[in-house]
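Residues per chain are reported as follows:
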Amino acid sequence: MSSTTMTIRVPLDISDKLERLARGTRRSSSYLATAAITAYVEREMDIIEGVQQGLADMEAGRVTSHDDVTAQAQQIIANARQRKAERG
């Protein structure tokens, strides 16, 4: 995997905590910073892609009305309650 070098500014207390974490986990602060940035970027990209997919679904008419979803949820709850009552 290729990589690049970045320079970032972080608050001093975060830098100190990162160094303590690095010592405690026997990892480099660079490794931990890379892991943290990677997790953040992946999570945020998943959110953005989900929103974009939702917008595309709306444009294509692949939607379910709020009333339909509510009715389906209420039916699921009613069925579960009935099964529970039958078991007794």
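For every chain, the first residue of the written sequence is number 1, and numbering continues from 1 onward in sequence order. At least 70 in pLDDT is required for a residue's local features to be given in this predicted model, at least 80 for side-chain atom pairs to be given and counted, and no such filter applies to totals for whole chains, interfaces and linings, which use all residues. The basis for every side-chain value is the complete set of heavy atoms in the structure, and neither hydrogens nor water enter the calculation.

Novice: Outline the overall build of the chain, listing residues and values.
Specialist: Here a helix means four or more residues in a row that DSSP labels H or I, a strand means two or more in a row labelled E, and each is numbered from the N terminus. When you go through the chain residue by residue, the secondary structure sums to three helices and zero strands. For the chain, whose C-alpha radius of gyration is 24 Å, the value lies well above the compact-globule estimate of 12 Å for 88 residues. Summarising its shape, the C-alpha atoms of the chain cover approximately 60 × 45 × 30 Å along the three principal directions. Relative to its 88 residues, the chain shows a buried fraction of 2%. With the radius of gyration taken over C-alpha atoms, the globule rule is written as 2.2 Å times the number of residues to the power 0.38. Relative accessible area decides the class of each residue, using a 1.4 Å probe on protein chains only: under 20% of the type maximum gives buried, over 50% gives exposed, and in between gives partly exposed.

Novice: Please set out the layout of surface pockets residue by residue, giving values where relevant.
Specialist: The space that makes up the largest pocket amounts to roughly 640 Å³. Site definitions follow a grid-based scheme: protein atoms alone, a 1 Å grid, a 1.4 Å probe that fits but cannot get out for cavities, and for pockets an open set with protein on both sides within 12 Å along at least five of seven lines, plus lining residues having an atom within 4 Å of a point. Lining the largest pocket are 22 residues; nearest its centre among them are Met6, Ser30, Ala33, Thr34 and Ile37. Elements represented by at least two residues in the lining of the largest pocket include exactly helix H1 (12-25) and helix H2 (29-59). Ranked by the residues each element gives to the lining of the largest pocket, the list is headed by H2, at 10 residues. Amino acids are sorted into nonpolar (Ala, Val, Leu, Ile, Met, Phe, Trp, Tyr, Cys and Pro), charged (Asp, Glu, Lys and Arg) and polar (every other residue, Gly among them). Residue classes in the lining of the largest pocket are distributed as 11 nonpolar, nine polar and two charged. Grid points are joined across faces, edges and corners, and a volume is the space filled by probe spheres set on the points.

Novice: Residues and numbers for H2, please.
Specialist: Residues spaced three or four apart along an α-helix point in a common direction, a consequence of the helix completing one turn every 3.6 residues. Every helix has an expected span of 1.5 Å times one less than the residues it contains. An ideal rise of 1.5 Å per residue puts 45 Å on 31 residues; H2 measures up with 45 Å between its terminal C-alpha atoms. Trailing H2 by a residue or two, glycine 61 shows a phi angle of about 80°, which is positive.

Novice: Now, about helix H3 (residues 66-87): what can you tell me, with residues and values included?
Specialist: The terminal C-alpha atoms of H3, which comprises 22 residues, lie 32 Å apart, in line with the 32 Å expected from a rise of 1.5 Å per residue. Looking one or two places after H3, you find glycine 88, whose phi comes out positive at around 80°.

Novice: Explain a nonpolar patch on the surface to me, using residue names and the numbers behind them.
Specialist: Residues forming no salt bridge and having over 30% relative accessible area are the ones grouped into patches, like charges within 9 Å of each other and nonpolar side chains (Val, Leu, Ile, Met, Phe, Trp, Tyr) within 5 Å. Each accessible area value is a Shrake-Rupley result obtained with a 1.4 Å probe; residue values ignore everything except the protein chains displayed when judging cover. In what follows, salt bridge is the name for a side-chain nitrogen of Lys or Arg lying within 4 Å of a carboxyl oxygen of Asp or Glu. A contiguous nonpolar surface patch, about 830 Å² in accessible area, is contributed by Met6, Ile8, Val10, Ile14, Ile37, Tyr40, Val41, Met45 and Ile48. In terms of residue count, H2 provides more of the nonpolar patch than any other element does, five residues in total. Within the secondary structure layout, isoleucine 37 lies in helix H2. Taking relative accessible area as the criterion, isoleucine 37 reaches 42% and is therefore assigned partly exposed.

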